[in-house]
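# Analysis of the macromolecular model
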Amino acid sequence: MTISEYNTLIQPYSDAQDILLARLNVLEHNLYNESDAHPIHNIQYRIKQKDSIENKLLKKEKEPTVMNAKDYLQDIAGARVICYFTRDIYSLADTLKFQSDLIVIRERDYIKYPKPNGYRSYHIIVGVPVYCLDGMEYFPVEIQFRTLSMDFWASMEHRILYKTKRDNREEIAAQLESYAATLVEIENEFSKYAGG
Ligand code: 0O2
């Protein structure tokens, strides 16, 4: 895909991402208006780079074209919402799911069902209506909800092991899995002090 094709491709995804970020901010204000207990620590977001889109399509054994990007990738727009506690994640996600103009495309709850390597996070792909001159189309935005400790673990694992080749992989993986369990315990302890 050319740079110009890439720029045209990502525009509506970027619009969908902006709409969703605005929704999340409004939700946070409405849900927690009266208290100081803001549930969101920070939000990161990105639009997938051209190289990354092409590589992901090739990995899926698809030609790296604009059409295939639209058909096969649902994480061109992505946001990572870092919360303090797990209960905040479910309150935000549940409220988001009730917004009648959004559609839930896919949900993966790696908090209730962590991955065998210890990865924990709640993923939801939401279809956001984007209106343009020739009508409305839903564009997917992938949201990863994580607590601070889940994000700490996932960021480290991403750096150390995820998609990397290492000789002593199994040994490191076992260590990281045990750290994930320790972090769950620590997070539960912190939660007790915040009314959880
Ligand atoms: P990157 O480098 O973060 O962009 P797909 O539907 O094809 O996107 P999948 O695996 O079916 O991929 O979807 P899933 O399980 O919802 O995971 C999507 C994203 O979650 C990954 O994106 C990672 O960001 C994150 N993730 C999933 N599993 C792990 C894990 O074990 N460790 C870490 N650190 N992150 C994970 P990408 O595109 O794979 O990677």
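Rules used in this analysis
- Sequence order as written defines the numbering, with residues in each chain counted from 1.
- It should be noted that, the model being predicted, local features are given only for residues of pLDDT at least 70 and side-chain atom pairs only at 80 or more, the latter also being counted only at that level, while totals for whole chains, interfaces and linings use all residues.
- By convention in this description, side-chain values take in all heavy atoms of the structure and omit both hydrogens and water.
- We count a stretch as a helix when DSSP gives it H or I for four or more residues in a row; a strand needs E for two or more, and each element gets its number in order from the N terminus.
- Three labels apply to residues, based on accessible area from a 1.4 Å probe with only protein chains included: buried if under 20% of the type maximum, exposed if over 50%, partly exposed otherwise in between.
- Residues are treated as being in contact if the distance between any of their heavy atoms lies within 4.5 Å.
- Per-residue accessibility takes into account occlusion by the displayed protein chains alone, with areas from the Shrake-Rupley method and a 1.4 Å probe.
- When charges are counted, Lys and Arg are positive and Asp and Glu negative, with His and the chain ends excluded.
- Just so you know, the charge point we use is NZ for Lys, CZ for Arg, CG for Asp and CD for Glu.
- The domain limits used here are those given by an automatic or database domain assignment.
- Buried area counts how much accessible surface, traced with a 1.4 Å probe, disappears from two parts once they are put together, with both parts' losses summed.
- A 3.5 Å cut-off defines polar contacts: any pair of N or O atoms within that distance qualifies, except that in protein one atom must be a possible hydrogen donor and the other a possible acceptor, and neighbouring residues in sequence count only when both atoms are side-chain atoms.
- Here the nonpolar group is Ala, Val, Leu, Ile, Met, Phe, Trp, Tyr, Cys and Pro; Asp, Glu, Lys and Arg are the charged ones; every other residue, Gly included, is treated as polar.
- Each residue is tested against the molecule or strand, and it is near if at least one of its non-hydrogen atoms lies within 4 Å.
- Paired strands, as defined in this entry, are two strands with at least two bridges between them according to DSSP.

What follows deals with the overall build of the protein. On a plain count of helices and strands, the protein comes out with six helices and five strands. Walking the protein from its N terminus toward its C terminus, one meets helices and strands in the order α-β-α-α-β-α-β-β-β-α-α. By principal-axis analysis of the C-alpha atoms, the protein measures approximately 50 × 50 × 20 Å. A burial count over the protein gives 40% of its 196 residues as buried. Restricting the contact set of the protein to residue pairs at least 6 apart, pairs at least 24 apart contribute 66%. As displayed, the protein has an accessible area near 11,900 Å², and 52% of this comes from carbon and sulfur atoms. Positive and negative charge centroids in the protein, built from 24 and 29 side chains respectively, lie 4 Å apart.

When its domains are assigned, the protein resolves into domain 1 (3–149) and domain 2 (152–193). Each of domain 1 and domain 2 was reduced to a C-alpha centroid, and the two centroids are 23 Å apart. Contacts between the two partners involve 12 residues from domain 1 and, on the opposite side, 11 residues from domain 2. Both sides of the domain 1 and domain 2 interface together cover about 1,100 Å² of buried area, and 47% of this is carbon and sulfur. At the boundary of domain 1 and domain 2, one finds eight residue pairs in polar contact (both at pLDDT 80 or more). Classifying every residue of the side of domain 1 that touches domain 2 gives four nonpolar, five polar and three charged.

Residues in contact with the ligand amount to 19 residues; listed here are only the nearest, K56, R108, Y110, H123 and Y162. Between the ligand and the protein, one listed contact pairs an oxygen atom with a side-chain N or O atom of H123 at 2.8 Å. Separating a nitrogen atom of the ligand from a side-chain N or O atom of E157 is a distance of 2.8 Å. Burial of the ligand by the surrounding chains reaches 81%, relative to a free accessible area of 740 Å². Residue assignment for the shell around the ligand shows that the elements contributing at least two residues are strand 3 (103–109), strand 5 (135–147) and helix 5 (148–160). When residues in the shell around the ligand are grouped by element, the largest group, three residues, is from helix 5. Residues belonging to the shell around the ligand are distributed by class as follows: four nonpolar, four polar and 11 charged. The residue makeup of the shell around the ligand includes at least three contributed by each of domain 1 (3–149) and domain 2 (152–193).

The next point concerns the pairing of strand 4 (residues 122–132). Within strand 4, nine of the 11 residues are buried, which leaves the element mostly enclosed by the surrounding structure. Here six bridges tie strand 3 to strand 4, and the two strands are oriented antiparallel to one another. Following the sheet pairing, D109 is matched in strand 4 by Y122. Two successive antiparallel strands, strand 4 and strand 5, enclose a turn made up of two residues.

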